[in-house]
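# Fold and geometry: a report
Here are the chains, one letter per residue:
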Amino acid sequence: MARCGRQLARASSPSVTVGLSVPARGYAAAFAAAGVTIECDALRPMAPDDLDLHLATLRETPPGTPIKYHAKDQIYDGRWLGICEVDGIEMLTFETKQKVTRRLPLHMALSIRLTGETASTGMLRAKKLTASPLLRAMIGESRALTFMTTARADCLIVGTLNLLKEDLTSGTLFASGDPVDASGGTLQEIVRARELLGAKRYYRSIIVPSASGPGTDVREMQPHVVVFDGGRAYVRWRHVWPRARQLVIIDRSLPSAEEAADELSMAFAERKADSALLGKLKLPPAIEAVSFERHA
Amino acid sequence: MTSLGSVSELYDIAETWEGDRFLVEHPVVEQFSAAVGALLAALGEDQHEDFWAGITRPLKRLRWLLATTPLPVNHPAHDVRGVAGVVAPRLRQCRHTAPALAEQAEGLADILEHLWACGDDPLGDAVREAADGSLTGVVLLLADGRLADSVAAAFGESRVLTAPQLLRTRTPRAIAIGPSSWFPPAIVRAPRAEYLTFAYFGWLRDRDPEPGLLVGSPTTVRSAIAKPPARSTSRARLPLAPEVDASEWVPRIEWGAVTRAARRTVGAGHGEPVPAQLFILVSGDGVYLDVKDGAQAYIAELEDEINVRQVPVSSLSEGTFLIVRTEGEGDYIRELADSLLGNRAADLRAVQARWKEKLATELEERGARAVCRRLTRLGAPRAREDNVRRWASPDSIRPNDPRDFAAICEMIGEPADELWQAMSTIFVAHLQAGNEVRKLLVEEIRKADSAALLQRGWYDYDVESIEGEGALRVARIVGRAPDLADVPRSRLRKPFRVSEDLWLG
């Protein structure tokens, strides 16, 4: 499932749909979403690595925009003030806690990272952050810290909040596969669903309850991937994000499976093109899978 | 809580499960089934005529029960004696009413009268044999859960489940009573038993279930059910009769008879006739629901999480769990809203009735088209005929757009602002009532555990906040009438009993 999420996130066409029928829904959407968030972070890192490009971005960033200043093992909340000249030299200027204005030379721009938020009214703090061992093992220390301190809706998961919460937060997973190694964690540390503990402000995924549907703000988002956790979620909300890659997980044990499979079959029959995405995956025999490109 | 390990086990079962078929032979039941089949074939369409329907419906129902319940033939739950008492005298009348069928009918009457003396338990014995003696931990899977309690009493060591229950658990061994085509395909698409046996009578022909779900998938779900063995000539009655397609035994609703019975049962009713759809519920109830103008009904969803919500009546189909009130006013939301409104309810309802009557009078006197034109001239943006009729209906509260309402009030000479406020008060009370019922019902279903609901297909829940008589009944829809009927408004949403012979025959 995680590989499927990664492949889908990597698909060049945003109109790809992958449908999977599984014998039980548990953990499928959670692993797929974890694959999506990791891949999206690799494709579009929020930690800048090109100094010139990042400087150009900062020059266009409006004053007041929330930032994070990474200084060794400390991470400071900050508000961007702009690039100003001091004694004829351009300096990066931002505000940190207790209204302290800090200035840095331009070559240190990569230590200033935009959080992905447009505004913040919260208190500015400085924290010594430690990335979760699982996340660190998956994407490395430096990326992990940025991952935990930036917000972007890469993945929407449409499903039942309580079930997804259970899948994302229960149990301990180990990157090495060895429980003796204590680098364990939960899928939530990778999926960072906004609705669950620890990711309210800095998130990578949003859970949309399939019973009530998305609010206006979420409806207007343009996520990279939407994971429909269950046939009912797909039947009800498949039209809402037409420009997102779609992953449809149909639990074959549920009454809604047939209706969702019919809808998916109809979309498959009217497809624009086949997709080779599944050819890159080795699926277990208990899973049926289909992938195709939708018409715009 | 579902652990990653238990989910992984379900994937393992899907990859490794095995299934087979166990053919059951019993000469007496076979003779009875063949005689019923022969009579039905000889009658053809005539079986639906009143005289013959009184014979064939109970016989078909008995045939279904004998093939789906692992209990002795003459077990009280089958009521063979009751059926024989009703049907045998009629069959014997055939020598006067249908001499050409007299011999066949007499033969069937003889078989039936001997059947209730038969204490054999062919399906029960098959279960014990298929389980190799030990039934501990074995799941007995029933196609029809109405006699589950009697079966559970007879098989104390086993779990007796229906398909929706099996799909929520897992077991090393399950024995399904009936051919695979009598069960939802989910039991082979999402197997929960490591070994599943279908035990059914040898003269029934089963069709292999379709395990695949997704069109275009290069991988397919494996079907692990072995082909049926050859019928045992030593156990079967010789000569072997031709096999019958098992799907022909599945009960079918006789809509013509159900509709006629509904007219008799429910009485004339009052209020203007409205187009309504008749639904049959697994609880043995019929219920008419208004289908006009996007009318809605409450349903319960029992998938991974219990959810109660409103859906258009037009979208209701077989398998949906409908919520109705067993007694009292069918519109329980209105009643609860009135109790929330307290002593303001009577005045507000009077105002609501007053403007609706005036609008209805305009529609009657001037015609819908003229009324729509006039409302549009008065500034109503949505004055279409279907909308205006809905606004005049007692089931709606008010238009959503205040401009539509203002135009109506101007046309009928009522104060728009004052009435808008009054109708909005009712509207809010309905919203609160709907939320309250939803919340309380979900709590009740959770408290009572959904096992009984899943096993029988229906359950009554007492929601204290709804005053007056009647519980809320959550029941699975087993059929939706093919045609609409005009039904007085007072009969809508009120369940009425439907004879089992009409929908299980």
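Criteria and cut-off values
Residues numbered from 1 in each chain as written. Chains lettered and ligands numbered in written order. Predicted model: local features only at pLDDT ≥ 70, side-chain atom pairs only at ≥ 80, totals over all residues. Helix = DSSP H or I, 4+ residues; strand = E, 2+ residues; numbered from the N terminus. Buried ≥ 20, exposed ≤ 12 C-beta atoms within 10 Å, placed from the backbone. Contact = placed C-beta atoms within 7 Å. Rg over C-alpha atoms; globule rule 2.2 N^0.38 Å. Pairing = 2+ DSSP bridges. Axes fitted to C-alpha atoms, helices over the stretch in contact; angles between N-to-C directions. Core = buried A, V, L, I, M, F, W, Y, C linked by C-beta atoms within 7 Å. pLDDT = per-residue confidence, 0-100. Expected span 1.5 Å × (residues − 1). Domains from an automatic or database assignment. Parallel < 35°, antiparallel > 145°, perpendicular 65-115°, else oblique. Nonpolar A, V, L, I, M, F, W, Y, C, P; charged D, E, K, R; others polar. Left-handed = near helix turned anticlockwise from the far one by under 90°.

## Notes on the overall build of chain B
When helices and strands are counted, chain B shows 18 helices and 15 strands. Principal-axis analysis of the C-alpha atoms gives chain B an extent of 85 × 70 × 45 Å. Taking all 505 residues of chain B together, 40% fall into the buried category. For chain B, the proportion of contacts with a sequence separation of at least 24, taken over those separated by at least 6, is 68%.

## Side note on the overall build of chain A
For chain A, the helix and strand inventory stands at 10 helices and 15 strands. Over its C-alpha trace chain A gives a radius of gyration of 21 Å, about what one expects of a compact globule, namely 19 Å for 296 residues. Expressed as lengths along the three principal axes of its C-alpha atoms, the size of chain A is roughly 70 × 50 × 35 Å. Within chain A, the fraction of its 296 residues that count as buried is 46%. For chain A, long-range pairs separated by at least 24 residues make up 65% of all intrachain contacts whose partners lie at least 6 apart in sequence.

## Looking at the sheet that holds strand 1 (residues 18-24) of chain B
Residues and elements named next belong to chain B. The strand order across the open sheet built from 5 strands is 1-5-4-2-3, with neighbouring strands paired in parallel fashion. The two strands at the open ends of the sheet, each matched to only one other strand, are strand 1 and strand 3 (159-162). Between one strand axis and the next, the sheet turns by 25° as a mean value, whatever way the strands run. The pairing of strand 2 (residues 139-142) with strand 3 spans 4 bridges and is parallel. Counterpart to L142 in the pairing with strand 3 is T162.

## A short note on the pairing of strand 11 (residues 205-209) of chain A
Residue and element names in this part refer to chain A. With 4 of 5 residues buried, strand 11 lies mostly within the body of the structure. Direction of pairing for strand 8 (residues 155-159) relative to strand 11: parallel, over a ladder of 5 bridges. Residue pairing in the sheet places G159 in a bridge with P209 of strand 11.

## What about the nonpolar core?
Counting 146 residues, the largest nonpolar core has A32, I157 and V227 of chain A together with L140 and L141 of chain B as the members making the most contacts within it. Not counting the four nearest positions on each side in its chain, L141 of chain B is found in contact with L161, A163, L166, A174, I175, A176 and I177 of chain B. With 60 residues, the next largest nonpolar core counts L278, I280, A300 and W458 of chain B among its residues.

## A word on the sheet that holds strand 12 (residues 225-229) of chain A
Residues and elements named next belong to chain A. Overall, mixed pairing links the 7 strands, which are arranged 11-8-12-13-1-15-14 in an open sheet. The two strands at the open ends of the sheet, each matched to only one other strand, are strand 11 and strand 14 (273-274). Here strand 1 (residues 16-22) runs beside strand 13 (residues 245-251); their pairing, made up of 6 bridges, is parallel. Bridge assignment links L20 to a residue of strand 13, and that residue is I249. Packed on one face of the sheet, helix 2 (residues 28-43) meets strand 1, strand 8, strand 11, strand 12 and strand 13 and runs near 170° to strand 8.

## Here's the deal with the confidence of the model for chain B
Low pLDDT means the predicted coordinates in that region are not meant to be read closely. All names here are of chain B. The predicted model of chain B has a mean per-residue pLDDT of 86, with 93% of residues at 70 or higher. Element-level mean pLDDT values for chain B span from 69 in helix 18 (residues 500-504) up to 96 in strand 2. The ipTM for the predicted assembly is 0.85, set against a pTM of 0.79.

## A short note on the pairing of strand 2 (residues 66-71) of chain A
Residue and element names in this part refer to chain A. One ladder, built from 6 bridges, connects strand 2 with strand 3 (residues 74-86); its direction is antiparallel. Bridge assignment links I67 to a residue of strand 3, and that residue is G78. The antiparallel hairpin formed by strand 2 and strand 3 contains 2 residues in its connecting segment, where K72 sits at a positive phi of about 50°. Where strand 2 meets strand 6 (residues 112-114), 3 bridges bridge the pair, whose relative direction is antiparallel. If you follow I67 over to strand 6, its bridge partner there is L114.

## Concerning the interface of chain A and chain B
You'll often see interface size given as the accessible area lost when the parts meet. Facing the 34 residues of chain A at the interface are 29 residues of chain B. The greatest single-element share of the side of chain A that touches chain B, amounting to 6 residues, is contributed by helix 10 (residues 256-269) of chain A.

## Observations regarding helix 3 (residues 50-68) of chain B
The terminal C-alpha atoms of helix 3 of chain B, which comprises 19 residues, lie 27 Å apart, in line with the 27 Å expected from a rise of 1.5 Å per residue. Of all 19 residues in helix 3 of chain B, 14 are buried; the element is thus mostly enclosed.

## Focus: the environment of N162 of chain A
Residue and element names in this part refer to chain A. Checked against the element boundaries, N162 lands in helix 6 (residues 161-169). Judged by the 11 C-beta atoms lying within 10 Å of it, N162 is exposed. C-alpha separation for the pair N162 and P209, spaced 47 residues apart in sequence, amounts to 9.3 Å.

## Structural notes on the domain arrangement of chain B
With domains assigned, chain B is organised as domain 1 (4-211 + 219-249), domain 2 (266-337 + 436-504) and domain 3 (340-429). Taken together, the contact pairs 5 residues of domain 2 of chain B with 8 residues of domain 3 of chain B.

## Observations concerning the environment of I38 of chain A
Residues and elements named next belong to chain A. For I38, the location among the structural elements is in helix 2. Taking the C-alpha atoms as reference points, I38 and S265, separated by 227 residues in sequence, lie 30 Å from one another. Setting aside chain neighbours within four positions, we find I38 in contact with R6, M138, I139 and I190.

## Remarks on the packing of helix 12 (residues 345-366) of chain B against helix 13 (residues 368-377) of chain B
Residues and elements named next belong to chain B. As a packed pair, helix 12 and helix 13 sit with axes 6 Å apart at the nearest point and diverge in direction by 120°. One element, helix 12, and the other, helix 13, form an angle in the oblique class. Residues E362, L363 and R366 of helix 12 touch helix 13, and the partners they reach there are A368, A370 and V371. When its residues are assigned to classes, the contact of helix 12 with helix 13 shows 4 nonpolar, no polar and 2 charged.

## Some thoughts on the domain arrangement of chain A
Domain annotation of chain A identifies domain 1 (2-46 + 152-293) and domain 2 (51-128). Summarising the inter-unit geometry, the C-alpha centres of domain 1 of chain A and domain 2 of chain A are found 34 Å apart.

## With respect to unusual backbone geometry
For residues that are not glycine, phi is negative in most cases, and the peptide bond is trans in most cases. With phi around 45°, R192 of chain A is a residue other than glycine that occupies positive phi space. Residue position: R192 of chain A is located in the loop between helix 7 (188-191) and strand 11. On the basis of neighbour count, R192 of chain A is assigned to the buried category, with 28 C-beta atoms found within 10 Å. Non-glycine residue R493 of chain B carries a positive phi angle of around 65°. Within the element layout of this structure, R493 of chain B appears in the loop between strand 14 (472-488) and strand 15 (496-497).

## Some words on the packing of helix 2 (residues 27-43) of chain B against helix 5 (residues 102-115) of chain B
Residue and element names in this part refer to chain B. Running from N to C, helix 2 and helix 5 point in directions that differ by 150°, and their axes come no closer than 10 Å. Between helix 2 and helix 5, the angle falls in the class roughly antiparallel. Where helix 2 crosses over helix 5, the two elements pack in a sense that is left-handed. Two secondary-structure elements touch here, helix 2 through V28, Q31, F32, A35, V36, A38, L39 and A42 and helix 5 through Q104, A105, G107, L108, I111 and L115. Here the residues of the contact of helix 2 with helix 5 sort into 11 nonpolar, 3 polar and no charged.

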